[in-house]
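Reading the structure
Read off the chains here:
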Amino acid sequence: DTEVTQTPKHLVMGMTNKKSLKCEQHMGHRAMYWYKQKAKKPPELMFVYSYEKLSINESVPSRFSPECPNSSLLNLHLHALQPEDSALYLCASTQRVTGELFFGEGSRLTVL
Amino acid sequence: DAKTTQPPSMDCAEGRAANLPCNHSTISGNEYVYWYRQIHSQGPQYIIHGLKNNETNEMASLIITEDRKSSTLILPHATLRDTAVYYCIVTLGGYNKLIFGAGTRLAVHP
(Lines give C-alpha, C1' and ligand atoms only; values in the text may rest on other atoms or scores of the structure.)
Protein backbone atom coordinates (compact mmCIF):
# COMPACT_ATOMS: atom_id res chain seq x y z
CA ASP A 1 0.00 0.00 0.00
CA THR A 2 1.79 3.12 -1.24
CA GLU A 3 -1.10 5.54 -1.01
CA VAL A 4 -1.84 8.68 0.88
CA THR A 5 -5.60 9.07 1.05
CA GLN A 6 -7.23 12.45 1.54
CA THR A 7 -10.88 13.13 2.31
CA PRO A 8 -13.00 14.86 1.29
CA LYS A 9 -11.88 15.48 -2.30
CA HIS A 10 -13.99 18.64 -2.45
CA LEU A 11 -15.29 20.86 0.35
CA VAL A 12 -17.35 24.04 0.23
CA MET A 13 -17.73 25.95 3.48
CA GLY A 14 -18.91 29.30 4.75
CA MET A 15 -16.70 31.65 6.71
CA THR A 16 -18.41 30.75 9.98
CA ASN A 17 -18.26 26.98 9.50
CA LYS A 18 -15.97 24.49 11.21
CA LYS A 19 -14.76 21.64 9.06
CA SER A 20 -11.87 19.19 8.93
CA LEU A 21 -9.67 17.67 6.26
CA LYS A 22 -8.38 14.16 6.81
CA CYS A 23 -5.25 12.39 5.59
CA GLU A 24 -4.36 8.75 6.09
CA GLN A 25 -1.36 6.58 5.20
CA HIS A 26 -0.51 2.99 6.06
CA MET A 27 3.10 2.90 4.87
CA GLY A 28 4.56 3.19 8.37
CA HIS A 29 5.85 6.69 7.63
CA ARG A 30 6.61 8.73 10.73
CA ALA A 31 6.51 12.21 9.19
CA MET A 32 3.44 13.82 7.65
CA TYR A 33 3.02 17.18 5.94
CA TRP A 34 0.32 19.69 5.01
CA TYR A 35 0.78 21.90 1.95
CA LYS A 36 -1.50 24.57 0.50
CA GLN A 37 -1.57 25.20 -3.27
CA LYS A 38 -3.26 28.11 -5.01
CA ALA A 39 -4.02 27.93 -8.72
CA LYS A 40 -0.92 28.06 -10.97
CA LYS A 41 1.39 28.37 -7.94
CA PRO A 42 3.73 25.83 -6.34
CA PRO A 43 2.70 24.03 -3.13
CA GLU A 44 3.44 26.02 0.04
CA LEU A 45 4.49 24.17 3.17
CA MET A 46 2.19 24.66 6.15
CA PHE A 47 3.00 22.06 8.81
CA VAL A 48 5.27 19.07 9.40
CA TYR A 49 4.60 16.37 12.00
CA SER A 50 7.41 14.07 13.01
CA TYR A 51 6.65 11.10 15.28
CA GLU A 52 3.22 12.58 15.93
CA LYS A 53 4.64 15.86 17.21
CA LEU A 54 4.44 19.18 15.41
CA SER A 55 7.99 19.91 14.26
CA ILE A 56 7.48 22.71 11.72
CA ASN A 57 4.82 25.43 11.56
CA GLU A 58 5.42 27.86 8.71
CA SER A 59 3.72 30.76 10.51
CA VAL A 60 0.29 29.53 9.51
CA PRO A 61 -2.73 31.51 10.84
CA SER A 62 -4.46 29.95 13.84
CA ARG A 63 -7.67 29.41 11.86
CA PHE A 64 -5.82 26.34 10.55
CA SER A 65 -5.28 23.81 13.33
CA PRO A 66 -3.41 20.57 12.60
CA GLU A 67 -3.77 17.39 14.61
CA CYS A 68 -1.96 14.07 14.45
CA PRO A 69 -3.96 11.54 16.51
CA ASN A 70 -1.67 8.64 15.56
CA SER A 71 1.14 7.81 13.18
CA SER A 72 -1.23 6.99 10.31
CA LEU A 73 -3.61 9.91 10.53
CA LEU A 74 -3.30 13.66 10.06
CA ASN A 75 -6.15 16.13 10.32
CA LEU A 76 -6.43 19.81 9.46
CA HIS A 77 -9.18 21.58 11.36
CA LEU A 78 -10.61 24.66 9.69
CA HIS A 79 -12.46 27.49 11.44
CA ALA A 80 -13.38 31.03 10.48
CA LEU A 81 -11.66 30.79 7.12
CA GLN A 82 -11.54 33.57 4.55
CA PRO A 83 -12.34 33.33 0.83
CA GLU A 84 -8.61 33.71 0.09
CA ASP A 85 -8.03 30.40 1.90
CA SER A 86 -9.71 28.65 -1.02
CA ALA A 87 -7.04 26.32 -2.42
CA LEU A 88 -5.95 22.73 -2.92
CA TYR A 89 -4.71 21.27 0.37
CA LEU A 90 -2.17 18.50 -0.08
CA CYS A 91 -1.03 15.95 2.46
CA ALA A 92 2.22 14.02 2.17
CA SER A 93 4.18 11.48 4.18
CA THR A 94 7.76 10.25 4.15
CA GLN A 95 10.17 7.78 5.62
CA ARG A 96 13.42 9.12 7.03
CA VAL A 97 15.89 7.04 5.01
CA THR A 98 15.06 8.25 1.50
CA GLY A 99 13.13 11.40 2.34
CA GLU A 100 10.91 11.13 -0.72
CA LEU A 101 7.44 12.51 -0.12
CA PHE A 102 4.34 10.57 -1.10
CA PHE A 103 1.50 12.98 -1.83
CA GLY A 104 -2.22 12.50 -1.76
CA GLU A 105 -4.47 13.84 -4.51
CA GLY A 106 -5.52 16.77 -2.34
CA SER A 107 -8.69 18.28 -0.94
CA ARG A 108 -10.04 21.18 -2.95
CA LEU A 109 -11.48 23.75 -0.55
CA THR A 110 -13.80 26.60 -1.50
CA VAL A 111 -14.64 29.20 1.14
CA LEU A 112 -17.72 31.30 0.39
CA ASP B 1 17.42 25.23 2.30
CA ALA B 2 19.28 26.32 -0.83
CA LYS B 3 17.38 28.26 -3.47
CA THR B 4 16.96 26.79 -6.95
CA THR B 5 16.53 28.44 -10.35
CA GLN B 6 14.69 26.73 -13.21
CA PRO B 7 13.48 27.99 -16.59
CA PRO B 8 9.75 28.74 -16.41
CA SER B 9 8.84 26.64 -19.43
CA MET B 10 10.25 24.18 -21.96
CA ASP B 11 8.98 22.28 -24.98
CA CYS B 12 9.92 18.80 -26.10
CA ALA B 13 8.89 16.62 -29.03
CA GLU B 14 7.38 13.26 -28.20
CA GLY B 15 9.97 10.49 -28.25
CA ARG B 16 12.88 12.84 -27.78
CA ALA B 17 14.88 13.31 -24.60
CA ALA B 18 13.77 16.13 -22.30
CA ASN B 19 16.63 17.77 -20.43
CA LEU B 20 15.47 19.98 -17.57
CA PRO B 21 18.16 22.16 -15.96
CA CYS B 22 18.32 23.44 -12.40
CA ASN B 23 20.79 25.82 -10.77
CA HIS B 24 21.47 25.52 -7.03
CA SER B 25 24.71 27.45 -6.55
CA THR B 26 24.25 27.84 -2.76
CA ILE B 27 23.78 24.15 -2.04
CA SER B 28 25.56 22.91 1.07
CA GLY B 29 27.53 19.70 1.36
CA ASN B 30 24.83 17.63 3.05
CA GLU B 31 21.86 18.81 0.95
CA TYR B 32 20.26 16.52 -1.59
CA VAL B 33 18.77 17.44 -4.96
CA TYR B 34 15.21 16.12 -5.35
CA TRP B 35 12.98 16.24 -8.41
CA TYR B 36 9.20 16.06 -8.34
CA ARG B 37 6.59 16.64 -10.99
CA GLN B 38 2.96 17.65 -10.83
CA ILE B 39 0.55 16.70 -13.54
CA HIS B 40 -2.49 18.97 -13.76
CA SER B 41 -4.91 18.57 -10.83
CA GLN B 42 -2.89 15.79 -9.20
CA GLY B 43 -0.59 15.70 -6.17
CA PRO B 44 3.16 16.05 -6.82
CA GLN B 45 4.98 12.83 -7.70
CA TYR B 46 8.53 11.99 -6.63
CA ILE B 47 10.88 11.31 -9.55
CA ILE B 48 14.45 10.94 -8.33
CA HIS B 49 17.03 12.36 -5.95
CA GLY B 50 20.79 12.43 -5.52
CA LEU B 51 23.61 13.81 -3.41
CA LYS B 52 26.81 13.77 -5.50
CA ASN B 53 26.66 10.91 -7.97
CA ASN B 54 24.51 10.64 -11.04
CA GLU B 55 21.39 8.57 -10.49
CA THR B 56 19.05 6.63 -12.74
CA ASN B 57 15.75 4.91 -12.14
CA GLU B 58 12.86 3.70 -14.27
CA MET B 59 11.52 7.23 -14.70
CA ALA B 60 14.54 9.42 -15.28
CA SER B 61 18.24 10.16 -14.88
CA LEU B 62 19.74 12.84 -12.70
CA ILE B 63 23.06 14.39 -13.64
CA ILE B 64 24.74 16.51 -10.93
CA THR B 65 27.79 18.60 -11.82
CA GLU B 66 31.02 17.93 -9.97
CA ASP B 67 30.78 21.21 -8.03
CA ARG B 68 27.11 20.36 -7.27
CA LYS B 69 25.99 23.86 -8.26
CA SER B 70 23.65 22.61 -10.97
CA SER B 71 21.87 19.50 -12.12
CA THR B 72 19.87 18.18 -15.07
CA LEU B 73 16.88 15.87 -15.03
CA ILE B 74 16.70 13.73 -18.15
CA LEU B 75 13.53 12.03 -19.36
CA PRO B 76 15.04 9.78 -22.05
CA HIS B 77 11.98 9.30 -24.27
CA ALA B 78 9.34 11.91 -23.44
CA THR B 79 5.68 11.03 -23.93
CA LEU B 80 2.58 13.21 -23.89
CA ARG B 81 1.93 11.96 -20.35
CA ASP B 82 5.16 13.63 -19.22
CA THR B 83 3.56 17.05 -19.72
CA ALA B 84 3.70 18.52 -16.20
CA VAL B 85 5.37 21.08 -13.93
CA TYR B 86 8.78 19.80 -12.82
CA TYR B 87 10.20 20.97 -9.51
CA CYS B 88 13.86 20.86 -8.52
CA ILE B 89 14.26 21.06 -4.74
CA VAL B 90 17.34 21.14 -2.56
CA THR B 91 16.86 19.88 0.97
CA LEU B 92 18.50 18.00 3.79
CA GLY B 93 16.07 15.14 3.23
CA GLY B 94 14.75 12.95 6.01
CA TYR B 95 11.99 14.66 7.93
CA ASN B 96 13.07 18.16 6.95
CA LYS B 97 11.34 20.86 4.95
CA LEU B 98 10.67 20.40 1.27
CA ILE B 99 10.14 23.88 -0.21
CA PHE B 100 8.85 24.09 -3.77
CA GLY B 101 10.05 26.81 -6.14
CA ALA B 102 8.24 27.93 -9.28
CA GLY B 103 9.31 24.90 -11.32
CA THR B 104 9.51 24.32 -15.07
CA ARG B 105 6.35 23.75 -17.08
CA LEU B 106 7.27 21.05 -19.62
CA ALA B 107 5.03 20.66 -22.64
CA VAL B 108 5.53 17.50 -24.71
CA HIS B 109 3.99 17.79 -28.16
CA PRO B 110 3.39 15.25 -30.94
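Notes on the structure follow. Small disclaimer: the values here were computed from a predicted structure and weren't measured. (Residues numbered from 1 in each chain as written. Chains lettered and ligands numbered in written order. Predicted model: local features only at pLDDT ≥ 70, side-chain atom pairs only at ≥ 80, totals over all residues. Heavy atoms only, no water.)

**A closer look at the interface of chain B and chain A**
The cut-off we apply is this: Throughout, a contact is declared for two residues whenever any of their heavy atoms are within 4.5 Å. Buried surface area refers to the total accessible area, computed with a probe of radius 1.4 Å, that the two partners give up upon joining, counted for both partners together. Think of a salt bridge as a Lys or Arg side-chain nitrogen and an Asp or Glu carboxyl oxygen that are within 4 Å of each other. Here a polar contact is recorded for every N or O atom pair within 3.5 Å, except that within protein the pair must consist of a potential hydrogen donor and a potential acceptor, and residues adjacent in sequence are included only if both atoms are side-chain atoms. Strands here are runs of E lasting at least two residues and helices are runs of H or I lasting at least four, both read from the DSSP assignment and numbered beginning at the N terminus.
Taken together, the 19 residues of chain B in the interface contact 25 residues of chain A. Where chain B abuts chain A, roughly 1,800 Å² becomes buried across the two surfaces, and 56% of that area is made up of carbon and sulfur atoms. In terms of surface lost to chain A, no three residues of chain B exceed B:Y95, B:K97 and B:F100, which account for 37% of the buried area on that side. Counting the contacts that link chain B with chain A gives one salt bridge. Note that A:E58 is salt-bridged to B:K97, the shortest N-O span being 3.0 Å. In this assembly, chain B and chain A are joined by five residue pairs in polar contact (both at pLDDT 80 or more). Of all the elements in the fold, those that place two or more residues in the side of chain B that touches chain A are β3 (32-38) and β4 (45-50) of chain B.

**Side note on the pattern of salt bridges**
Residues and elements named next belong to chain A. Note the cut-off: Partly exposed describes any residue whose relative accessible area lies between the buried limit of under 20% and the exposed limit of over 50%, with all areas from a 1.4 Å probe on protein chains only and scaled to the type maximum.
Scanning all chains against the criterion turns up six salt bridges over all chains. The closest approach of N and O atoms between K22 and E24, which form a salt bridge, is 3.7 Å. The partly exposed category is assigned to E24, whose relative accessible area is 27%. As a salt-bridge pair, E52 and R30 come within 2.8 Å of each other at their nearest N and O atoms. Residue E52 is located in the loop between β5 (44-50) and β6 (53-57), and its partner R30 is located in the loop between β3 (18-25) and β4 (31-37); the two are separated by 22 residues in the primary sequence. Given a relative accessible area of 33%, E52 falls into the partly exposed group. Here R30 falls in the partly exposed class, since its relative accessible area comes to 30%.

**A word on the state of the cysteines**
Inclusion rule: The disulfide criterion is simple: two cysteine sulfur atoms within 2.5 Å.
What the rule picks out here adds up to two disulfides over all chains. There is a disulfide in this structure between A:C23 and A:C91, and the S-S distance comes to 1.9 Å. Judged by the sign of its S-S torsion, about -75 degrees, the bond between A:C23 and A:C91 is left-handed. With A:C23 in strand β3 and A:C91 in strand β9 (residues 87-94), this pair connects stretches of sequence that are 68 residues apart. Classification of A:C23 as buried rests on a relative accessible area of 0%. Two residues share a disulfide in this structure: B:C22 and B:C88, whose sulfurs sit 2.1 Å from each other. Negative torsions about the S-S bond denote left-handed disulfides, and the value of about -80 degrees found for B:C22 with B:C88 makes this one left-handed. Of this pair, B:C22 sits in strand β2 (residues 18-23) while B:C88 sits in strand β8 (residues 84-91), and the two are 66 residues apart along the sequence. By relative accessible area, which is 0% here, B:C88 ends up buried. The cysteine A:C68 is free of any disulfide, with A:C91 supplying the nearest cysteine sulfur at 9.2 Å.

**Some details on empty space enclosed by the protein**
Residue and element names in this part refer to chain A. Rules: With a 1 Å grid laid over protein atoms only, a set of points is called a cavity when a 1.4 Å probe fits there but cannot get out and a pocket when it is open yet has protein on both sides within 12 Å along at least five of seven lines; lining residues have an atom within 4 Å of a point. Grid points are joined across faces, edges and corners, and a volume is the space filled by probe spheres set on the points. Charged residues are taken to be Asp, Glu, Lys and Arg, nonpolar residues to be Ala, Val, Leu, Ile, Met, Phe, Trp, Tyr, Cys and Pro, and polar residues to be all remaining types, Gly included.
By the definition in use, this model includes one cavity of 30 Å³ or more. Computed from the structure, the largest cavity encloses a volume of approximately 30 Å³. Lining the largest cavity, in full, are H29, R30, A31, M32, Y49, Y51, E52, C68 and S71. In terms of residue class, the lining of the largest cavity is built from five nonpolar, two polar and two charged.

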